[in-house]
Amino acid sequence: QVQLVESGGGLVQPGGSLRLSCAASGSIFGSAVMGWYRQAPGKQRELVAIFSSGGTTNYADSVKGRFTISRDNAKNTLYLQMNSLKPEDTAVYYCHYRRVWDSIDYWGQGTQVTVSS
């Protein structure tokens, strides 16, 4: 089992910044692909950014240039730095973990990000 503990969500004004963290623990040996997803009310869950064990990153077009995904392997922690936030970024953000050796998916509990004046 893999446990994912998220933190850093909250309320921020448009143009502001937030940094989300996701700490992984449990059976986290071996390679894994980690990423961030989000789901706004009435919409499907969408991919925000991915960071693979090899260092490859990918971003949704809507967040390119504003969000940065990174990973601290020593701390087993995934980060999402969100800058220049817009009201349309408002959503529940989920940390995702896929263990490569068995292709099993794990999800965090979700953290609310609200961008409003």
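Residues numbered from 1 in each chain as written. Predicted model: local features only at pLDDT ≥ 70, side-chain atom pairs only at ≥ 80, totals over all residues. Heavy atoms only, no water.

A. The sheet that holds strand S7 (residues 67–72), seen in detail. Across the sheet, 4 strands lie side by side as S1-S3-S8-S7; this open sheet has antiparallel pairing. With one partner strand each, in any of the chains shown, strand S1 (2–7) and S7 form the two edges of the open sheet. Taken over all neighbouring pairs, the strand axes of this sheet differ in orientation by 15° on average, direction set aside. Alignment of strand S3 (residues 18–26) against strand S8 (residues 77–82), held across 6 bridges, turns out to be antiparallel. What sits directly across from Leu18, in S8, is Met82. (Pairing = 2+ DSSP bridges. Helix = DSSP H or I, 4+ residues; strand = E, 2+ residues; numbered from the N terminus. Axes fitted to C-alpha atoms, helices over the stretch in contact; angles between N-to-C directions.)

B. Region of interest: unusual backbone geometry. Look at Asn76: it is not a glycine, yet its phi comes out positive at around 50°. The topology assignment puts Asn76 in the loop between S7 and S8. Its relative accessible area of 35% is what places Asn76 among the partly exposed residues. With phi around 50°, Ser84 is a residue other than glycine that occupies positive phi space. Within the secondary structure, Ser84 is located in the loop between S8 and strand S9 (91–99). (Buried < 20%, exposed > 50% of the residue type's maximum accessible area, 1.4 Å probe, protein only.)

C. Representation of the state of the cysteines in the model. Per the counting criterion, the structure on display carries 1 disulfide. Here Cys22 is linked by a disulfide to Cys95, with a sulfur-sulfur distance of 2.1 Å. Disulfide Cys22 to Cys95: torsion about the S-S bond roughly -80°, handedness left-handed. Placement of the pair is Cys22 in strand S3 and Cys95 in strand S9, with a sequence separation of 73 residues. (Disulfide = S-S within 2.5 Å.)

D. Broad picture of the nonpolar core. Counting 29 residues, the largest nonpolar core has Leu4, Trp36, Leu80, Met82, Tyr93 and Tyr97 as the members making the most contacts within it. Taken together, the elements giving at least two residues each to this core come down to S1, S3, strand S4 (32–39), strand S5 (46–51), S7, S8, S9 and strand S11 (111–115). (Core = buried A, V, L, I, M, F, W, Y, C linked by side-chain atoms within 4.5 Å.)

E. Representation of the pairing of strand S10 (residues 104–107). Both S9 and S10 contribute to a ladder of 4 bridges, which runs antiparallel. Looking across to S10, one finds that His96 is bridged to Trp107. The loop that links S9 with its antiparallel partner S10 comprises 4 residues; one of these, Ser103, has a positive phi angle of about 55°.

F. Fine view of the environment of Lys75. As for its position among the elements, Lys75 is in the loop between S7 and S8. Looking at Lys75, the relative accessible area reads 57%, which means it is exposed. With 50 residues separating them in the primary sequence, Lys75 and Ser25 have C-alpha atoms 9.6 Å apart.

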